[in-house]
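A look at the structure
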Amino acid sequence: MNEMKFETKVIHVGGEPDPTTGAIMPPIYQTSTYVQSSPGEHKGYEYTRSHNPTRSRLEECLASIENAKHCLVTASGLSASSLIMHMLPKGSKVICGDDVYGGTYRLFSKVFPDIHHYQFVDTTNLSKLEKEIETTKPALIWLETPTNPLLKISDIAAISKMAKKVGALTVVDNTFMSPFFQNPLDHGADIVLHSMTKFINGHSDVVGGAMMMNSTELRDKLFFYQNAIGPCQSPFDSWLVLRGIKTLAIRMKAHEQNAMRIAQFLEQHPKVERVVYPGLASHPQHDLGRKQMKGFGGMITFFLKGGIEESRRFLENVKLFSLAESLGGVESLVDHPAIMTHASIPKNVRESLGIYDNLIRLSVGIEDCEDLMKDLEKAFSKS
Ligand code: P1T
(Lines give C-alpha, C1' and ligand atoms only; values in the text may rest on other atoms or scores of the structure.)
Protein backbone atom coordinates (compact mmCIF):
# COMPACT_ATOMS: atom_id res chain seq x y z
CA MET A 1 0.00 0.00 0.00
CA ASN A 2 2.81 2.39 0.89
CA GLU A 3 4.11 2.60 -2.67
CA MET A 4 0.92 4.48 -3.59
CA LYS A 5 1.05 8.25 -3.90
CA PHE A 6 -0.81 10.48 -1.43
CA GLU A 7 -3.68 11.25 -3.83
CA THR A 8 -4.31 7.51 -4.32
CA LYS A 9 -3.95 6.57 -0.64
CA VAL A 10 -6.64 9.01 0.54
CA ILE A 11 -9.12 7.38 -1.79
CA HIS A 12 -8.14 3.71 -1.61
CA VAL A 13 -6.51 2.94 1.75
CA GLY A 14 -9.40 2.14 4.10
CA GLY A 15 -11.73 2.76 1.16
CA GLU A 16 -11.86 -0.80 -0.15
CA PRO A 17 -15.32 -2.02 -1.24
CA ASP A 18 -17.37 -3.82 1.42
CA PRO A 19 -16.48 -7.53 1.08
CA THR A 20 -19.98 -8.78 1.98
CA THR A 21 -22.02 -6.67 -0.46
CA GLY A 22 -19.57 -5.05 -2.85
CA ALA A 23 -20.77 -1.57 -1.73
CA ILE A 24 -18.12 0.82 -3.03
CA MET A 25 -18.52 3.07 0.02
CA PRO A 26 -17.54 1.67 3.41
CA PRO A 27 -20.52 0.90 5.64
CA ILE A 28 -21.12 2.88 8.80
CA TYR A 29 -20.96 0.23 11.52
CA GLN A 30 -23.41 2.09 13.73
CA THR A 31 -23.24 -0.39 16.57
CA SER A 32 -22.14 -0.22 20.19
CA THR A 33 -21.47 -3.95 20.63
CA TYR A 34 -20.77 -7.20 18.78
CA VAL A 35 -22.22 -10.69 19.27
CA GLN A 36 -19.86 -13.39 20.59
CA SER A 37 -20.36 -17.06 19.74
CA SER A 38 -18.93 -18.16 23.09
CA PRO A 39 -17.49 -15.96 25.89
CA GLY A 40 -14.38 -14.31 24.49
CA GLU A 41 -14.92 -15.71 20.99
CA HIS A 42 -15.56 -12.92 18.50
CA LYS A 43 -14.40 -11.49 15.19
CA GLY A 44 -11.94 -8.98 16.69
CA TYR A 45 -14.64 -6.56 17.81
CA GLU A 46 -16.15 -6.51 21.31
CA TYR A 47 -17.38 -3.00 22.03
CA THR A 48 -17.23 0.25 20.01
CA ARG A 49 -15.38 2.27 22.65
CA SER A 50 -12.47 -0.11 21.99
CA HIS A 51 -12.84 -0.94 18.29
CA ASN A 52 -15.16 -0.17 15.41
CA PRO A 53 -14.67 -1.27 11.78
CA THR A 54 -15.53 2.17 10.33
CA ARG A 55 -13.02 3.83 12.68
CA SER A 56 -10.42 1.13 11.88
CA ARG A 57 -10.70 2.02 8.17
CA LEU A 58 -10.08 5.68 8.95
CA GLU A 59 -7.10 4.78 11.16
CA GLU A 60 -5.63 2.71 8.35
CA CYS A 61 -5.96 5.58 5.89
CA LEU A 62 -4.51 8.16 8.29
CA ALA A 63 -1.53 5.97 9.22
CA SER A 64 -0.71 5.53 5.53
CA ILE A 65 -0.74 9.27 4.73
CA GLU A 66 1.44 10.17 7.75
CA ASN A 67 3.89 7.38 6.78
CA ALA A 68 3.13 5.78 10.15
CA LYS A 69 2.68 2.19 11.30
CA HIS A 70 -0.20 3.02 13.61
CA CYS A 71 -2.99 5.53 14.12
CA LEU A 72 -5.53 6.07 16.87
CA VAL A 73 -8.58 8.19 16.12
CA THR A 74 -10.04 10.08 19.07
CA ALA A 75 -13.15 12.12 19.88
CA SER A 76 -11.36 15.48 19.45
CA GLY A 77 -7.88 16.93 19.01
CA LEU A 78 -7.75 17.88 22.68
CA SER A 79 -8.73 14.39 23.82
CA ALA A 80 -5.73 13.06 21.87
CA SER A 81 -3.50 15.62 23.65
CA SER A 82 -4.98 14.55 27.01
CA LEU A 83 -4.26 10.87 26.35
CA ILE A 84 -0.61 11.66 25.67
CA MET A 85 -0.43 13.48 29.02
CA HIS A 86 -2.18 10.59 30.83
CA MET A 87 0.41 8.21 29.38
CA LEU A 88 3.33 10.07 31.01
CA PRO A 89 4.46 9.00 34.51
CA LYS A 90 3.25 11.36 37.25
CA GLY A 91 5.60 14.32 37.79
CA SER A 92 6.97 14.29 34.23
CA LYS A 93 8.58 17.42 32.85
CA VAL A 94 7.18 18.71 29.58
CA ILE A 95 8.71 21.42 27.41
CA CYS A 96 6.06 22.98 25.23
CA GLY A 97 6.33 25.61 22.52
CA ASP A 98 5.24 29.01 23.81
CA ASP A 99 2.78 29.70 20.99
CA VAL A 100 0.17 26.93 20.85
CA TYR A 101 -3.59 26.68 20.35
CA GLY A 102 -5.32 28.36 23.34
CA GLY A 103 -7.07 25.11 24.27
CA THR A 104 -3.74 23.27 24.40
CA TYR A 105 -2.32 26.00 26.65
CA ARG A 106 -5.42 25.75 28.89
CA LEU A 107 -5.11 21.95 29.06
CA PHE A 108 -1.45 22.11 30.09
CA SER A 109 -1.71 25.12 32.40
CA LYS A 110 -5.10 24.42 34.08
CA VAL A 111 -5.87 20.70 33.87
CA PHE A 112 -2.52 18.88 34.10
CA PRO A 113 -0.20 21.08 36.21
CA ASP A 114 -0.99 19.10 39.39
CA ILE A 115 0.28 15.99 37.63
CA HIS A 116 3.15 17.18 35.40
CA HIS A 117 5.46 20.21 35.17
CA TYR A 118 5.19 22.41 32.11
CA GLN A 119 7.62 24.94 30.71
CA PHE A 120 6.56 27.08 27.76
CA VAL A 121 9.57 28.09 25.66
CA ASP A 122 10.30 29.54 22.23
CA THR A 123 11.14 26.39 20.28
CA THR A 124 12.34 28.41 17.26
CA ASN A 125 15.41 29.45 19.27
CA LEU A 126 17.45 26.24 18.99
CA SER A 127 20.49 27.19 21.09
CA LYS A 128 18.31 28.34 23.99
CA LEU A 129 16.10 25.29 23.65
CA GLU A 130 19.08 22.94 23.67
CA LYS A 131 20.28 24.40 27.00
CA GLU A 132 16.75 24.14 28.38
CA ILE A 133 16.51 20.48 27.34
CA GLU A 134 19.91 19.67 28.85
CA THR A 135 19.08 21.27 32.20
CA THR A 136 15.43 20.21 32.46
CA LYS A 137 15.78 16.68 30.99
CA PRO A 138 12.12 16.58 30.00
CA ALA A 139 10.10 13.43 29.35
CA LEU A 140 8.40 15.05 26.39
CA ILE A 141 8.75 17.98 24.01
CA TRP A 142 5.55 19.34 22.54
CA LEU A 143 5.81 21.20 19.26
CA GLU A 144 3.14 22.88 17.25
CA THR A 145 4.61 23.80 13.88
CA PRO A 146 3.55 26.07 12.33
CA THR A 147 2.02 27.49 15.48
CA ASN A 148 -1.48 28.76 16.09
CA PRO A 149 -1.82 31.71 15.59
CA LEU A 150 1.67 33.17 14.96
CA LEU A 151 2.73 30.53 12.40
CA LYS A 152 6.19 30.11 13.95
CA ILE A 153 8.08 27.17 12.48
CA SER A 154 10.25 24.87 14.62
CA ASP A 155 12.94 22.54 13.30
CA ILE A 156 11.45 19.08 13.89
CA ALA A 157 14.59 17.12 12.89
CA ALA A 158 16.96 19.18 15.06
CA ILE A 159 14.63 19.16 18.08
CA SER A 160 13.83 15.44 17.82
CA LYS A 161 17.58 14.79 17.85
CA MET A 162 18.06 16.91 20.99
CA ALA A 163 15.10 15.13 22.60
CA LYS A 164 16.48 11.67 21.85
CA LYS A 165 19.78 12.57 23.56
CA VAL A 166 17.95 12.96 26.89
CA GLY A 167 15.43 10.17 26.23
CA ALA A 168 12.50 12.54 25.65
CA LEU A 169 9.61 11.93 23.27
CA THR A 170 8.84 14.49 20.60
CA VAL A 171 5.19 15.16 19.79
CA VAL A 172 4.26 17.36 16.84
CA ASP A 173 0.83 18.90 16.45
CA ASN A 174 0.59 18.88 12.66
CA THR A 175 -2.94 20.29 12.41
CA PHE A 176 -2.02 23.38 10.37
CA MET A 177 -0.12 21.56 7.62
CA SER A 178 -2.14 18.33 7.49
CA PRO A 179 -0.33 15.17 6.36
CA PHE A 180 -0.33 16.56 2.82
CA PHE A 181 2.21 19.30 3.52
CA GLN A 182 4.22 17.90 6.44
CA ASN A 183 5.10 14.45 7.82
CA PRO A 184 6.82 14.91 11.21
CA LEU A 185 7.61 11.20 11.73
CA ASP A 186 9.87 11.38 8.66
CA HIS A 187 11.85 14.10 10.50
CA GLY A 188 12.30 12.04 13.68
CA ALA A 189 9.21 12.87 15.76
CA ASP A 190 7.69 10.07 17.86
CA ILE A 191 4.01 11.02 17.74
CA VAL A 192 2.06 13.22 15.32
CA LEU A 193 -1.17 14.71 16.52
CA HIS A 194 -3.99 16.21 14.49
CA SER A 195 -7.20 17.98 15.21
CA MET A 196 -9.13 16.18 12.45
CA THR A 197 -11.78 18.83 12.97
CA LYS A 198 -9.70 20.99 10.64
CA PHE A 199 -8.10 20.24 7.24
CA ILE A 200 -8.26 16.43 7.46
CA ASN A 201 -12.05 16.39 7.55
CA GLY A 202 -12.26 19.73 5.80
CA HIS A 203 -16.01 20.33 5.90
CA SER A 204 -16.57 21.85 9.36
CA ASP A 205 -19.08 19.16 10.30
CA VAL A 206 -17.04 16.86 12.58
CA VAL A 207 -14.94 17.20 15.74
CA GLY A 208 -12.17 14.62 15.94
CA GLY A 209 -8.53 13.93 16.70
CA ALA A 210 -5.83 11.52 15.59
CA MET A 211 -2.40 10.35 16.71
CA MET A 212 0.05 8.54 14.45
CA MET A 213 3.22 6.76 15.51
CA ASN A 214 5.65 4.03 14.43
CA SER A 215 6.31 2.54 17.86
CA THR A 216 3.94 -0.31 18.68
CA GLU A 217 4.75 0.17 22.38
CA LEU A 218 3.59 3.80 22.25
CA ARG A 219 0.47 2.83 20.29
CA ASP A 220 -0.43 0.14 22.82
CA LYS A 221 0.08 2.50 25.78
CA LEU A 222 -2.06 5.21 24.18
CA PHE A 223 -4.70 2.67 23.18
CA PHE A 224 -4.86 1.48 26.80
CA TYR A 225 -5.58 5.04 28.00
CA GLN A 226 -8.06 5.70 25.20
CA ASN A 227 -10.00 2.54 26.01
CA ALA A 228 -9.79 3.10 29.77
CA ILE A 229 -10.79 6.78 29.64
CA GLY A 230 -13.16 6.62 26.69
CA PRO A 231 -12.70 9.47 24.18
CA CYS A 232 -13.51 7.47 21.05
CA GLN A 233 -15.00 8.89 17.88
CA SER A 234 -18.49 7.79 16.79
CA PRO A 235 -18.75 5.51 13.75
CA PHE A 236 -20.76 8.16 11.87
CA ASP A 237 -18.14 10.86 12.47
CA SER A 238 -15.36 8.49 11.40
CA TRP A 239 -17.32 7.80 8.23
CA LEU A 240 -17.71 11.52 7.55
CA VAL A 241 -13.94 11.98 7.91
CA LEU A 242 -13.35 9.03 5.55
CA ARG A 243 -15.57 10.89 3.08
CA GLY A 244 -13.90 14.28 3.59
CA ILE A 245 -10.34 12.94 3.46
CA LYS A 246 -10.73 11.73 -0.14
CA THR A 247 -10.28 15.32 -1.35
CA LEU A 248 -7.54 16.30 1.13
CA ALA A 249 -4.84 16.60 -1.55
CA ILE A 250 -6.84 18.78 -3.92
CA ARG A 251 -8.23 20.85 -1.08
CA MET A 252 -4.77 21.54 0.36
CA LYS A 253 -3.46 22.64 -3.05
CA ALA A 254 -6.43 24.98 -3.46
CA HIS A 255 -6.09 26.36 0.11
CA GLU A 256 -2.45 27.10 -0.52
CA GLN A 257 -2.96 28.69 -3.92
CA ASN A 258 -5.57 31.09 -2.52
CA ALA A 259 -3.58 31.77 0.67
CA MET A 260 -0.43 32.69 -1.25
CA ARG A 261 -2.29 35.26 -3.37
CA ILE A 262 -4.13 36.66 -0.38
CA ALA A 263 -0.92 36.92 1.67
CA GLN A 264 0.68 38.92 -1.16
CA PHE A 265 -2.44 41.09 -1.44
CA LEU A 266 -2.34 41.79 2.30
CA GLU A 267 1.39 42.47 2.31
CA GLN A 268 0.96 45.45 -0.01
CA HIS A 269 -2.29 46.71 1.58
CA PRO A 270 -2.11 50.15 3.23
CA LYS A 271 -4.42 49.08 6.10
CA VAL A 272 -2.13 46.19 7.05
CA GLU A 273 0.82 46.57 9.41
CA ARG A 274 2.39 43.10 8.94
CA VAL A 275 1.55 39.74 7.39
CA VAL A 276 2.74 36.35 8.61
CA TYR A 277 2.51 33.53 6.08
CA PRO A 278 5.14 30.78 5.80
CA GLY A 279 5.16 31.11 2.00
CA LEU A 280 6.28 34.76 2.06
CA ALA A 281 10.01 35.45 1.91
CA SER A 282 9.41 37.87 4.82
CA HIS A 283 8.46 34.98 7.16
CA PRO A 284 11.27 34.61 9.75
CA GLN A 285 11.54 30.83 9.20
CA HIS A 286 10.67 30.77 5.51
CA ASP A 287 13.80 28.76 4.58
CA LEU A 288 13.23 26.17 7.28
CA GLY A 289 9.59 25.92 6.16
CA ARG A 290 10.74 25.30 2.60
CA LYS A 291 12.99 22.48 3.79
CA GLN A 292 10.67 20.82 6.25
CA MET A 293 7.27 21.28 4.62
CA LYS A 294 5.98 20.40 1.16
CA GLY A 295 3.85 23.53 0.99
CA PHE A 296 2.81 26.50 3.10
CA GLY A 297 -0.84 25.81 3.85
CA GLY A 298 -3.98 27.88 4.08
CA MET A 299 -3.50 29.85 7.31
CA ILE A 300 -2.54 33.54 7.37
CA THR A 301 -2.06 35.83 10.34
CA PHE A 302 -1.93 39.59 9.92
CA PHE A 303 -1.82 42.73 12.02
CA LEU A 304 -4.26 45.49 11.09
CA LYS A 305 -3.14 49.08 11.48
CA GLY A 306 -5.00 50.29 14.59
CA GLY A 307 -6.41 48.47 17.60
CA ILE A 308 -9.51 46.73 18.85
CA GLU A 309 -11.97 49.21 17.26
CA GLU A 310 -10.51 48.88 13.76
CA SER A 311 -10.37 45.09 14.22
CA ARG A 312 -14.02 44.94 15.30
CA ARG A 313 -15.16 47.00 12.31
CA PHE A 314 -13.15 44.82 9.93
CA LEU A 315 -14.50 41.61 11.48
CA GLU A 316 -18.10 42.86 11.44
CA ASN A 317 -17.83 43.73 7.75
CA VAL A 318 -16.36 40.60 6.18
CA LYS A 319 -19.08 38.51 4.57
CA LEU A 320 -17.50 35.57 2.72
CA PHE A 321 -15.00 35.12 5.56
CA SER A 322 -17.24 33.97 8.42
CA LEU A 323 -16.25 35.15 11.88
CA ALA A 324 -15.90 31.83 13.70
CA GLU A 325 -13.51 29.71 15.72
CA SER A 326 -11.90 26.73 13.95
CA LEU A 327 -10.15 26.47 10.60
CA GLY A 328 -9.36 24.17 7.72
CA GLY A 329 -12.83 23.89 6.16
CA VAL A 330 -13.59 24.53 2.49
CA GLU A 331 -15.18 27.83 3.51
CA SER A 332 -13.07 30.80 4.57
CA LEU A 333 -13.10 31.73 8.26
CA VAL A 334 -11.72 34.67 10.17
CA ASP A 335 -10.82 34.65 13.86
CA HIS A 336 -9.82 37.21 16.47
CA PRO A 337 -7.49 35.06 18.65
CA ALA A 338 -7.27 37.50 21.59
CA ILE A 339 -11.05 37.40 22.13
CA MET A 340 -11.88 34.02 20.64
CA THR A 341 -9.53 31.01 20.25
CA HIS A 342 -6.74 32.20 22.56
CA ALA A 343 -8.79 34.00 25.24
CA SER A 344 -7.77 31.35 27.81
CA ILE A 345 -4.16 32.61 27.63
CA PRO A 346 -3.67 35.48 30.14
CA LYS A 347 -3.44 38.88 28.41
CA ASN A 348 0.14 39.53 29.59
CA VAL A 349 1.32 36.14 28.29
CA ARG A 350 -0.55 36.66 25.01
CA GLU A 351 0.97 40.06 24.51
CA SER A 352 4.47 38.92 25.42
CA LEU A 353 4.14 36.49 22.51
CA GLY A 354 2.81 39.14 20.14
CA ILE A 355 -0.90 38.21 20.13
CA TYR A 356 -2.31 41.74 20.24
CA ASP A 357 -5.83 43.06 19.68
CA ASN A 358 -5.00 43.94 16.05
CA LEU A 359 -3.99 40.36 15.21
CA ILE A 360 -6.39 38.66 12.82
CA ARG A 361 -6.21 35.03 11.71
CA LEU A 362 -7.55 33.86 8.35
CA SER A 363 -8.34 30.29 7.39
CA VAL A 364 -8.41 30.71 3.64
CA GLY A 365 -10.99 28.46 2.00
CA ILE A 366 -11.21 27.19 -1.55
CA GLU A 367 -13.69 29.72 -2.92
CA ASP A 368 -12.79 31.93 -5.88
CA CYS A 369 -9.78 34.01 -4.83
CA GLU A 370 -10.97 37.25 -6.48
CA ASP A 371 -14.23 37.00 -4.53
CA LEU A 372 -12.28 36.52 -1.30
CA MET A 373 -10.02 39.51 -1.97
CA LYS A 374 -13.02 41.71 -2.83
CA ASP A 375 -14.59 40.69 0.47
CA LEU A 376 -11.45 41.67 2.40
CA GLU A 377 -11.14 44.95 0.47
CA LYS A 378 -14.72 45.90 1.35
CA ALA A 379 -14.12 45.18 5.04
CA PHE A 380 -10.84 47.20 4.97
CA SER A 381 -12.71 50.17 3.52
CA LYS A 382 -14.99 50.11 6.59
CA SER A 383 -12.31 49.50 9.23
O1 P1T B 1 -10.86 21.35 18.68
P2 P1T B 1 -10.13 20.06 18.78
O3 P1T B 1 -10.50 19.08 17.71
O4 P1T B 1 -10.18 19.45 20.15
O5 P1T B 1 -8.57 20.37 18.47
C6 P1T B 1 -7.81 21.19 19.30
C7 P1T B 1 -6.68 21.80 18.52
C8 P1T B 1 -5.43 21.22 18.60
N9 P1T B 1 -4.38 21.72 17.93
C10 P1T B 1 -4.50 22.80 17.15
C11 P1T B 1 -3.30 23.33 16.43
C12 P1T B 1 -5.73 23.44 17.02
O13 P1T B 1 -5.80 24.53 16.23
C14 P1T B 1 -6.86 22.94 17.74
C15 P1T B 1 -8.18 23.60 17.69
N16 P1T B 1 -8.16 24.92 17.23
C17 P1T B 1 -9.24 25.74 17.07
C18 P1T B 1 -10.48 25.40 17.41
C19 P1T B 1 -8.93 27.08 16.54
O20 P1T B 1 -9.83 27.79 16.06
O21 P1T B 1 -7.75 27.46 16.57
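Cut-offs applied
Residues numbered from 1 in each chain as written. Predicted model: local features only at pLDDT ≥ 70, side-chain atom pairs only at ≥ 80, totals over all residues. Heavy atoms only, no water. Pairing = 2+ DSSP bridges. Helix = DSSP H or I, 4+ residues; strand = E, 2+ residues; numbered from the N terminus. Buried < 20%, exposed > 50% of the residue type's maximum accessible area, 1.4 Å probe, protein only. Contact = heavy atoms within 4.5 Å. Axes fitted to C-alpha atoms, helices over the stretch in contact; angles between N-to-C directions. Left-handed = near helix turned anticlockwise from the far one by under 90°. Nonpolar A, V, L, I, M, F, W, Y, C, P; charged D, E, K, R; others polar. Domains from an automatic or database assignment. Buried area = accessible area lost by both parts, 1.4 Å probe. Right-handed = clockwise from strand over helix to strand, strands pointing away.

Time to look at the sheet that holds strand S12 (residues 359-363). Remark on secondary structure: sheet strands pair via backbone hydrogen bonds, oriented parallel or antiparallel. Spatial ordering of the open sheet is given by S8-S9-S12-S11-S10, a layout of 5 strands whose pairing is mixed. Of all strands in the sheet, those with a lone pairing partner are strand S8 (272-276) and strand S10 (322-323), marking the two edges. Alignment of S8 against strand S9 (residues 299-304), held across 4 bridges, turns out to be antiparallel. Looking across to S9, one finds that Val272 is bridged to Leu304.

We now examine helix H4 (residues 102-111). All of the buried residues in H4 are Gly102, Gly103, Thr104, Tyr105, Leu107 and Phe108. Structurally, H4 contributes buried residues whose contacts are with helix H3 (77-87), strand S2 (93-97), strand S3 (117-121), strand S4 (140-144) and helix H13 (347-353).

Closest axis-to-axis distance for the helix H2 (residues 53-65)/helix H9 (residues 235-245) pair is 8 Å, and the angle between their directions is 35 degrees. Both H2 and H9 take part in a crossing whose hand is left-handed. Residues Thr54, Arg55, Arg57, Leu58, Cys61, Leu62 and Ile65 of H2 touch H9, and the partners they reach there are Pro235, Ser238, Trp239, Val241, Leu242 and Ile245. Grouping the amino acids of the contact of H2 with H9 by side-chain chemistry returns 9 nonpolar, 2 polar and 2 charged.

Attention now goes to the sheet that holds strand S1 (residues 70-74). Spatial strand order, S1-S7-S6-S5-S4-S2-S3: 7 strands in an open sheet with mixed pairing. Each of the sheet's edge strands pairs with one partner strand only, and the pair in question is S1 and S3. Going from strand to strand, the sheet's axes swing by 20 degrees on average, the running direction of each strand aside. Against the sheet, helix H5 (residues 126-136) contacts S2, S3 and S4, and its axis sits at roughly 165 degrees relative to S2. Its contacts with the sheet place helix H8 (residues 216-229) against S1, strand S5 (169-173), strand S6 (191-195) and strand S7 (209-213), and it is angled at close to 20 degrees to S1.

Looking now at the domain arrangement of the protein chain. Under the domain assignment used here, the protein chain contains domain 1 (6-245) and domain 2 (248-382). Once you take the C-alpha centre of each, domain 1 and domain 2 turn out to be 25 Å apart. Around 3500 Å² of area is buried between domain 1 and domain 2 when both sides are counted, 64% of it from carbon and sulfur atoms. Together, Ile153, Phe181 and Phe199 form the three largest contributors to the area buried by domain 1 at its contact with domain 2, with a combined 23%.

Bringing the pairing of S4 into the picture now. Within S4, 5 of the 5 residues are buried, leaving the element largely enclosed by the surrounding structure. Going residue by residue along S4, you find Leu140, Trp142 and Glu144 tucked away on one face and Ile141 and Leu143 tucked away on the opposite face as well. Once you follow S4 into helix H6 (residues 156-165) and on to S5, the crossover reads as right-handed.

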